[in-house]
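Here is what each chain is made of, one letter per residue.
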Amino acid sequence: IRKKLIQSDKVEAVITFVGGLFFGAGVSACVLCLNNDKPADHRGKVLLVDGSTIYTAKRAQNIMSDDDVEQAFKLYQDYTDVVGYSKVVTLDDLEKHGYTLAVNTYIEKPPAPPIDPAKVRTEYFEALSTVRECEDKLYNLLKEGGYLE
């Protein structure tokens, strides 16, 4: 079905969302934007939008604020490549990848900033020291409470 849908050039865009966005559904969701009358410059192409980072985390459930919705909608409206967020692919690109519409197959992630090894080492030993202090406090509390001999 997916192959035929793509080959028919009805898919204008695919927008993925973070998991837990819809009540009762812990899995991530996506929206397929279908269009029988695609604009000429969209024909033979599909916009893939990774909206998995466009959300507002709440205690029990993720939500999309008005600003989040506006950001996702702007990516859809612009219909261009944005590193880390969107990619316009051709039907040939989709065919080469087995007609998958998984956005992470196509969207480039921005390069991770370089990390200073000395800083990582310092942070590791600081965290290790904190863990050991907390373990000592816990041990003393358990001993004072009579849970350990």
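Please refer to the structure placed before this passage.
Here is what the cut-offs are and how they apply
- Residues numbered from 1 in each chain as written.
- Predicted model: local features only at pLDDT ≥ 70, side-chain atom pairs only at ≥ 80, totals over all residues.
- Heavy atoms only, no water.
- Helix = DSSP H or I, 4+ residues; strand = E, 2+ residues; numbered from the N terminus.
- Rg over C-alpha atoms; globule rule 2.2 N^0.38 Å.
- Buried < 20%, exposed > 50% of the residue type's maximum accessible area, 1.4 Å probe, protein only.
- Contact = heavy atoms within 4.5 Å.
- Lys, Arg positive; Asp, Glu negative; His and termini not counted.
- Charge placed at Lys NZ, Arg CZ, Asp CG, Glu CD.
- Pairing = 2+ DSSP bridges.
- Axes fitted to C-alpha atoms, helices over the stretch in contact; angles between N-to-C directions.
- Expected span 1.5 Å × (residues − 1).
- Polar contact = N/O pair within 3.5 Å; in protein donor to acceptor, adjacent residues only side chain to side chain.
- Core = buried A, V, L, I, M, F, W, Y, C linked by side-chain atoms within 4.5 Å.
- Phe/Tyr/Trp six-rings, centres within 6.5 Å; stacked < 30°, edge-to-face > 60°.
- Patch = residues over 30% accessible without salt bridge, like charges linked within 9 Å, V, L, I, M, F, W, Y side chains within 5 Å.
- Areas by Shrake-Rupley, 256 points an atom, 1.4 Å probe, with all protein chains shown as cover.
- Salt bridge = Lys/Arg side-chain N within 4 Å of Asp/Glu carboxyl O.

This part takes up the overall build of the chain. Counting its secondary structure elements, the chain contains 4 helices and 4 strands. Relative to the compact-globule value of 15 Å for 149 residues, the chain shows a C-alpha radius of gyration of 23 Å, a clear excess of over 25%. By its C-alpha atoms, the chain is 75 × 40 × 30 Å across when sized along the principal axes. For the chain, the proportion of its 149 residues judged to be buried stands at 26%. The long-range fraction of contacts in the chain, counting pairs at least 24 apart against all pairs at least 6 apart in sequence, stands at 61%. The chain carries 18 positive and 23 negative side-chain charges, and their two centres are separated by 5 Å.

Right, let's get into the sheet that holds strand β2 (residues 30–34). In spatial order, the strands read β2-β1-β3-β4; together these 4 strands make up an open sheet with mixed pairing. The open sheet has two edge strands, β2 and β4 (86–90), and neither has a second partner. Going across the sheet, the axis of each strand differs from the next one's by a mean of 15 degrees, ignoring polarity. Where strand β1 (residues 11–17) lies against strand β3 (residues 45–51), 5 bridges are found, and the strand directions are parallel. Each bridged residue has a counterpart across the sheet, and for V14 the counterpart in β3 is L48.

With that settled, consider the pairing of β3. Two faces make up the sheet, and in a regular strand the side chains alternate between them. Most of β3 sits out of view: 6 of its 7 residues are buried. In terms of strand pairing, β3 meets β4 through 5 bridges, oriented antiparallel. Its bridge partner lying in β4, L48 is registered against K87.

Bringing helix α4 (residues 117–144) into the picture now. Residues separated by three or four positions in an α-helix point in the same direction, a consequence of the helix having 3.6 residues per turn. For α4, built from 28 residues, the straight-helix expectation of 40 Å at 1.5 Å per residue is met to within 8% by its first-to-last C-alpha distance of 41 Å. The positive-phi residue at the C-terminal boundary of α4 is G146, with phi of around 85 degrees.

Here the focus is the side chain of D9. The residue D9 is located in the loop between α1 (2–7) and β1 in this model. Polar contacts involving the side chain of D9 include one to the side chain of K38, which spans 2.6 Å. Ignoring anything within four residues of it in the chain, the contact list for D9 reads N35, K38, R43, G44, K45 and L91.

Here we come to the nonpolar core. Grouped together as the largest cluster of nonpolar side chains are 13 residues, with contacts concentrated most on I6, V14, V46, L48, V89, L94 and L101. Elements that contribute at least two residues to this core include exactly β1, β3 and α3 (91–96). When residues no more than four places from it in sequence are discounted, the contact partners of L94 are I6, V46, V89, Y99, T100, L101 and Y106. Formed by 12 residues, the second largest nonpolar core is a distinct cluster that contains I15, V18, L21 and V49.

Tallied over the entire structure, the rule returns 2 aromatic pairs. Judged by centre distance (6.2 Å) and plane angle (35 degrees), the ring pair of F73 and Y76 falls under tilted. Residue F73 and its partner Y76 are both found in helix α2 (residues 66–78); the two are separated by 3 residues, about one turn of the helix.

The next subject is a nonpolar patch on the surface. A surface patch of nonpolar side chains, about 510 Å² in accessible area, is lined by L138, Y139, L142, Y147 and L148. Relative to the elements of secondary structure, L148 occurs in the segment after α4. On the basis of relative accessibility, which here comes to 32%, the residue L148 falls in the partly exposed class.

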